[in-house]
Structures are given as structure tokens and as C-alpha cells.
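# Structural overview
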Amino acid sequence: MITSVPVAYEEFMSYLDKVFTINENDIKVMIKEFHSEMQKGLSGYESSLKMIPSFVDRPEGSERGKFIALDLGGTNFRVLAVELDGNGGSSVLAVSKFVIKHECMTGTGKQLFNFIADSIETFLSDNEIDRTKIYDLAFTFSFPVEQTNVAAGTLIQWTKGFTAEGVVGEDVIVLLNEALRSKNINCIRVAALANDTVGTLVAKAYQDKNCDVGVILGTGSNACYPEKLTNISKWRGVRKKGSMIINMEWGNFCHLRRNCYDIDLDEESNNPGYQYLEKIVSGMYLGEITRRIVYDLVHRGLMFSGPNARRIFARKESIETKDMSLIQSDTTTNLGEIEEFLTELGITKITLLDKKLLKKICSLVSTRAARVAAAAISAVLSWLDPELKDEHTVGIDGSLFEKYPDFSNTMSEVFKMLFNEKAKNIKMELAKDGSGKGAAIIAAVAASSE
Ligand code: BGC
């Protein structure tokens, strides 16, 4: 609690509290809406949840071999060589990380796919890979893709700041193959295309049979789970029995109470009108929501009264989600780490109250994110198992879950609030590098079923 503050602060903070708090009732309403959107998406009706069939089911745990995996979806592009031992174990033999330049994300598709092929070339050379052999490759492409089979799919829309022209509506595997051929890389056969959530679920389920939800809480946010084919009424495939993992694309879920900061952020984003849940939950946006609140307070004369604060906080992304993480972990009495961060940013006049307010704002924004993420997971679990009778492992990858202070504790509290005793049936587990290892497993399954 912030004490001895003028009324204006208190009024403003209680306003913020009101617009950022998600209570139990909000969560229950959200879960109902989620189920209704899931149903619509599975039936092929217009829905904010696309519910995309992945053409993959959970693995047996016995898949084996060496595979190459590509991982595109955030600020870095990764190429990995992964080995599966056939006993639920997997290891990354080599990995190279390439920073994706802004002009590759926002230029043309050709530029982006050429960059991908060049990076693969570097990986092959650096690791002295024998090019007389053919390697099965899985492409983790973490954007909404309408898959037509396990190794084909067209991009529906870009998210997370990517806008590369000429890719939406195209089959990304065709674009990848074209780029590989144009660079004379002939030792690779693209065996599978996968979303990162699917890779995460598959990687976790390879070791743990109870894993039935894969979640990403990182730069973007999304989830997948296995659905009975009989429940996917839009499914036109030959196979009618069994189940298939559904990429929900939950980042686009739209039945959420949004406040003025969310609305402004959306309007100024690359994809206005889309990805409402992602814009409330994911790492790409939390810092920017916080920055907008701080700027509002500065503008109203309620925070950082120094001369340069307005100019500094007027700059988009002057606060990033990783800064919020640092701010919230500062437990020193005089909040020295927050002071250091602000000084580096160029803020000259900093009071203890400013620092406390900043910490409180970060906590409001991140707590809401964690509660909405937990609500979305609860919606998936209660869809799969309404009484929560069985044990469920939720495999989660992403820096918010892994690193953000208290994020996972806040999520667990929501499970306890909703499911009481039965919340113990939910086990959230970090699925580090799920998108690399999982992609290899998918490639193994795809290659063996040919
Ligand atoms: C994409 C998803 C992806 C998620 C996490 C979202 O922006 O639409 O396909 O799974 O980010 O990377």
C-alpha cells in the first residue's frame, strides 16, 4: 500500500485498480465465452479462436533419430540439430541463434526466407554437417497458419510485429523450399510444419503421458490441446477415429474487458482489431501498456516531475517487459535497482513515491496478464475434463512463465480459486525448448508415416 500520498494519486490508483483487476466473476464469464468460441471454431463458424487442426497427435515416446528443426516466431531465428533416443529422451546436439533484423521482419517475404536459408547454410557449415545425406527438417513457424497437412500450410495473418509482404495467403513450406533451392541447399527435406505450442505439447508429452495442454507465455501467447476427431466437426479428413492436436490461436480471443490503455495500444499496433488476449497477456505488450500508464501519470503531473520525463516516456517501448521484471524483483527498502533503471533511462528527478508507483503499476499489469493466462488454461482444462477428475500436466514455454517474478504463483492462485482442492490435479511445468525438441518429434512421426 502506498501511504501519505495526495488524494489525486489515490484516486488515480484506485481507478487503475478498477480497470486492471480481473475478479472471480470476470474469470467465470471469460471461461464460458472461451468454451463457446472453441465450439464455434471447431465447427467452422466465425470465431475469434481459429482452432486449427495440426495433423499431429501426441507422440508415443518411442520416436527416434536425428532431425533438424527451425524455430521462427520471436526476435531470434534458431536452427537446431536434435536427437531423439526412442525412450522419451531428447537432446539438442547443436544450436545456432540468428537475430532477425527489423527489415527482415517488415520487408518482403523473399528477404525473410532468404535470411532463413542463409542462416541454415551457416548452421550446416559451422557444424560441418555431411551434405551427402538427406535430413528431415521440421519448421516451427509460430504464427497463425491454416494447415492443409503436416507439411503444408498458408499464413492467415502475421502477429508479434512481423509484417513481411507477400507471405499472407501463401504456403510457407513452398516459400521455404524455394529459398533452400535458390541457395543450393539440397540435403534437407521439409517433413513437418508446426506451431510452437504444438511443439511444446509434443515435447512434454514425449516424457509425460499426462501432458495435454501446450502453452506459450512469451513474446506472444497461444495454446494447443488434443481434441477428439469426432468433436472437430469442420474436419474433412479421411481418418475419423482418434484425436488430433488443435492449435487454438488463443491470442486472438476477443471477449475481454479492455481499458483505455489496451484500446490505444491496439489502435497503434501493426494488427489493430486482432490478438486482444495476446495484447493483454504477452511479453511483447506488457512493457508498452506500463509505459502508457506511466506517461499518463507524468502528463497529469502525478509522477516524475523532472523536466525530461514527458519526453522519455512519450517514446514507445521506453519500458520493456524485461524492465518490469527487474522493477518487480526490487525488494530493497529504497528501491535502488528501480532507481538505477530510471537513471539509465535519463530520468533526473526520482522520488521514493515515484518508484513505488512504478512498481505498483508493473504489478497491476502483470497480475492481470497472469490471471487472464490462468483463466484461459482453466477454460481448456475444464473443456477436456469438466470435473477435473484426472491429473493434467500443462507444458509451458516462454520467458514470462519462466522468469517473471510471481507470474506462475499468481496463475496457481487462480486455479485454487476456481477448482479448490482439485487444483492439485493441475501441474504447470516449464517445457524449455519445446519448440525445438517438439518439432523434431513431429518430424520423426511425419517421416515414419510416409
Ligand atoms: C501466434 C501463435 C504463436 C504465439 C506464441 C502468436 O502471436 O499467433 O501462432 O503460437 O504467438 O509464439
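Just so you know, the residues in each chain are numbered from 1, in the order the chain's sequence is written. The model is predicted, so local features are restricted to residues of pLDDT at least 70 and side-chain atom pairs to those at 80 or more, both for listing and for counting; the totals for chains, interfaces and linings are taken over all residues. Working from all heavy atoms in the structure, the side-chain values ignore hydrogens and water.

## As for the overall build of the chain
Strands here are runs of E lasting at least two residues and helices are runs of H or I lasting at least four, both read from the DSSP assignment and numbered beginning at the N terminus. The number of helices and strands found in the chain is 16 helices and 13 strands. When the backbone C-alpha atoms are referred to their principal axes, the chain occupies close to 70 × 50 × 40 Å. The 450 residues of the chain split such that 58% are buried. The long-range fraction of contacts in the chain, counting pairs at least 24 apart against all pairs at least 6 apart in sequence, stands at 70%. Per element, the accessible surface of the chain, about 19300 Å² overall, is 49% carbon and sulfur. Relative accessibility under 20% of the residue-type maximum defines a buried residue, over 50% an exposed one, and the middle range a partly exposed one, all with a 1.4 Å probe and only protein chains included. Working rule for contacts: check all heavy atoms of both residues, and any pair within 4.5 Å makes them a contact. Each accessible area is a Shrake-Rupley result for a 1.4 Å probe, and residues are judged covered by the shown protein chains and nothing else.

## Details of the sheet that holds strand S5 (residues 135–141)
DSSP calls a pair of strands paired once it identifies at least 2 bridges connecting them. Taken in spatial order, the five strands line up as S4-S3-S2-S5-S8 in an open sheet, and their pairing is mixed. Whereas interior strands pair on both sides, the edge strands pair on one side only; in this sheet they are strand S4 (90–99) and strand S8 (188–194). When strand polarity is set aside, the average angle formed by the axes of neighbouring strands in this sheet is 25 degrees. Interaxial angles span 0 to 180 degrees and are taken between N-to-C directions of axes, which are lines fitted to C-alpha atoms, for helices over the stretch in contact.

## Let's talk about the packing of aromatic side chains
Stacked, tilted and edge-to-face are the three classes applied to pairs of Phe, Tyr and Trp rings, where Trp contributes its six-membered ring and a pair requires centres within 6.5 Å; stacked means planes under 30 degrees apart, edge-to-face means over 60, and tilted covers the rest. For the structure shown, the criterion picks out 15 aromatic pairs. An aromatic cluster is built from Phe139, Phe141, Phe143, Trp158 and Phe162, whose rings are joined through pairwise contacts. A positively charged side chain is recorded as over a ring if its NZ (Lys) or CZ (Arg) lies within 6 Å of the ring centre. The angle to the ring normal must also be within 35 degrees. The cationic tip of arginine 258 hangs over the ring face of tyrosine 276; the distance from NZ or CZ to the ring centre is 3.8 Å.

## A few points about the domain arrangement of the chain
Per the annotation, domain bounds derive from an automatic or database assignment of domains. When the domains of the chain are assigned, the result is domain 1 (1–52 + 204–432) and domain 2 (55–194). Centre-to-centre separation of domain 1 and domain 2, based on C-alpha positions: 28 Å. The partner domain 2 presents 27 residues to the 23 residues of domain 1 that form the contact. Of all residues in domain 1, Ile52, Tyr206 and Ile245 bury the most surface against domain 2, accounting for 34% of the area lost on that side. Salt bridges, as used here, are contacts in which a Lys or Arg side-chain nitrogen is within 4 Å of a carboxyl oxygen on Asp or Glu. Applying the counting criterion to the domain 1 and domain 2 interface returns zero salt bridges. N or O atoms within 3.5 Å of each other form a polar contact, as long as, within protein, one can give a hydrogen and the other can take it, and as long as residues adjacent in sequence are counted only when both atoms are side-chain atoms. For the pair domain 1 and domain 2, the number of links is seven residue pairs in polar contact (both at pLDDT 80 or more). For the side of domain 1 that touches domain 2, the elements supplying multiple residues, two or more each, are helix H6 (196–207), strand S9 (211–217), strand S11 (243–247) and helix H9 (283–299). The nonpolar class holds Ala, Val, Leu, Ile, Met, Phe, Trp, Tyr, Cys and Pro. Asp, Glu, Lys and Arg form the charged class, and all remaining residues, Gly among them, are polar. Split by residue class, the side of domain 1 that touches domain 2 holds eleven nonpolar, seven polar and five charged. Defined in terms of a 1.4 Å probe, buried area is the accessible area two parts forfeit on being brought together, summed over both.

## Looking at the pairing of strand S10 (residues 221–228)
Of all eight residues that make up S10, seven are buried, and the element is covered over most of its length. Bridging between S9 and S10 involves four bridges; their strand directions are antiparallel. Paired with isoleucine 216 across the strands is asparagine 222, a residue of S10. The hairpin turn running from S9 into S10, its antiparallel successor, is three residues long. Pairing geometry for S10 and S11, over five bridges, is antiparallel. Pairing of glutamate 227 across the sheet is with methionine 244, part of S11.

## Here we look at the sheet that holds S10
Taken in spatial order, the six strands of this open sheet run S1-S11-S10-S9-S12-S13, and their pairing is mixed. Edge positions in the open sheet fall to strand S1 (52–53) and strand S13 (426–430), since each of these has one partner strand only. Relative to S11, S1 runs antiparallel, the two sharing two bridges. What sits directly across from isoleucine 52, in S11, is asparagine 247. Sheet contacts for H6: S9, S10, S11, strand S12 (392–397) and S13; angle to S9, the most-contacted strand, approximately 135 degrees. Sheet strands in contact with helix H13 (residues 352–384) are S9, S10, S12 and S13, and its direction is about 160 degrees off that of S9.

## Examining the site of the ligand
Any residue with a heavy atom lying within 4 Å of a molecule or strand is counted as near it. As a structural note, the neighbourhood of the ligand is formed by 15 residues, with Thr159, Asn195, Asp196, Glu249 and Glu278 the closest of them. Between an oxygen atom of the ligand and a side-chain N or O atom of lysine 160, the distance comes to 2.8 Å. When the ligand sits alone it has 310 Å² of accessible area, and the protein chains cover 98% of it. The set of elements that each furnish at least two residues to the shell around the ligand consists of H6 and S10. The residue inventory of the shell around the ligand, partitioned by class, reads three nonpolar, eight polar and four charged. The two domains that each donate at least three residues to the shell around the ligand are domain 1 (1–52 + 204–432) and domain 2 (55–194).

## Re the side chain of asparagine 259
You can see asparagine 259 is positioned in the loop between S11 and helix H7 (260–267). If sequence neighbours within four positions are ignored, asparagine 259 has contacts with Val19, Phe20 and Arg368.

## Focus on the pairing of S5
Buried residues dominate S5, accounting for seven of its seven residues. Side chains Tyr135, Leu137, Phe139 and Phe141 project from S5 onto one buried face, and the interleaved Asp136, Ala138 and Thr140 project onto a second face that is buried too. Looking at chain direction, strand S2 (residues 64–72) and S5 are connected through five bridges and run parallel. By the bridge assignment for S5, leucine 72 is matched with phenylalanine 141.

## Examining the pattern of salt bridges
Counted under the stated rule, the structure contains 21 salt bridges. For the salt bridge of glutamate 121 with arginine 131, the shortest nitrogen-to-oxygen distance reads 2.8 Å. Highlighted residues: glutamate 121 in helix H4 (residues 109–126) and arginine 131 in the loop between H4 and S5, separated in sequence by ten residues. The partly exposed category is assigned to arginine 131, whose relative accessible area is 36%.

## Things to note about the packing of helix H2 (residues 24–43) against H13
One way to put it is that H2 packs onto H13 with a least axis distance of 9 Å and a crossing angle of 50 degrees. Regarding the angle of H2 to H13, the classification is oblique. Classified by chirality, the crossing of H13 by H2 is right-handed. Side by side, H2 and H13 meet where Glu24, Ile27, Met30, Ile31, Phe34, His35, Met38, Gln39 and Leu42 of the first sit next to Arg371, Val372, Ala375, Ala376, Ser378, Ala379, Ser382 and Trp383 of the second. Orientation categories follow fixed angle ranges, with anything under 35 degrees roughly parallel, anything over 145 roughly antiparallel, 65 to 115 roughly perpendicular, and all other angles oblique. The sense of a crossing depends on the near helix, which, turned anticlockwise from the far helix by less than a right angle, makes the crossing left-handed and, turned clockwise, makes it right-handed.

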